[in-house]
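# Notes for the structure review
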Amino acid sequence: GGAHPLTIKIGRDLRKSRATLRAREDPRAESIRLHMRLLKHASACRDANCPSANCRKMKDLMRHGATCTTRVQGGCAICRRIWALLQIHARQCTRGSCPVPKCASLKAQLAQMQHQGAEGETTTAS
């Protein structure tokens with residue numbers, strides 16, 4: 001039983017080549033896509049010895065963001081980087097209960113900004 005090993009390998013190779021093609025077409029979009037996947041993984045991962053090479057790095061970034069006293073306002077480049085990732089994630093996230101830090105509050109903030117923008121459009125149109 002099960003799938004033939006060659007079929008599995010071809011499927012994997014095809015997915016890899018699609019990812020390579022996407023990366024060549026728009027390397028920045030592919031980088032963001034990979035960072036979003038890593039952010040979601042690291043936010044939910046409880047394995048201290050996670051085999052993902054970048055999981056620990058992302059966890060360290062998130063820990064820094066939670067404990068840094070300089071913050072974005074003070075000019076911290078690491079905070080600016082993690083904050084940008086969290087904002088991109090929140091714009092794309094459709095989960096009701098999301099393990100990514102600050103996701104719920106950022107989604108609420110985005111919704112409020114959209115609501116205010118919609119109110120502004122109706123008041124300027126009248």
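Our subject is the structure listed above.
For the structure given in this document, a descriptive report is provided here.

The rules behind the values
Along each chain, residues carry numbers from 1 onward, in the same order as the chain's sequence is written. Reporting of local features is limited, given that this is a predicted model, to residues whose pLDDT is at least 70; pairs of side-chain atoms are given and counted only at 80 or more, and all residues count toward the totals for whole chains, interfaces and linings. Water and hydrogen atoms were dropped before computing side-chain values, which therefore reflect all heavy atoms in the structure. Only buried residues count toward a nonpolar core. Its members are Ala, Val, Leu, Ile, Met, Phe, Trp, Tyr and Cys residues joined through side-chain atoms within 4.5 Å. In this scheme, a residue with accessible area under 20% of its type's maximum is buried, one over 50% is exposed, and one in between is partly exposed, where area comes from a 1.4 Å probe on protein chains only. Strands are runs of DSSP state E lasting at least two residues, helices are runs of H or I lasting at least four, and both sets are numbered from the N terminus onward. Here a residue-residue contact requires only that any non-hydrogen atoms of the pair lie within 4.5 Å. A helix's residues, less one, multiplied by 1.5 Å, set its expected span. This arc describes the spread of directions from the helix axis toward the C-beta atoms.

### Focus: the nonpolar core
Leu 39, Met 58, Met 62, Ile 82, Leu 85 and Leu 86 are the most contacted members of the largest nonpolar core, which has 18 residues in total. Contributions of two or more residues to this core are made by α2 (27-44), α3 (55-67), α4 (77-92) and α5 (103-125). Leaving out residues up to four positions away in the same chain, Met 62 has contacts with Leu 39, Ala 42, Ser 43, Ile 82 and Pro 101.

### Observations regarding α4
Spanning 16 residues, α4 covers 23 Å between terminal C-alpha atoms, matching the ideal 22 Å at 1.5 Å per step. Of all the positions in α4, only Cys 79, Ile 82, Leu 85, Leu 86, His 89 and Ala 90 are classed as buried. The arc that holds every buried residue of α4, seen down its axis, measures 135°, which confines them to one face. The outward face of α4, more than 90 degrees from its buried face, is lined by the exposed residues Arg 91 and Gln 92.

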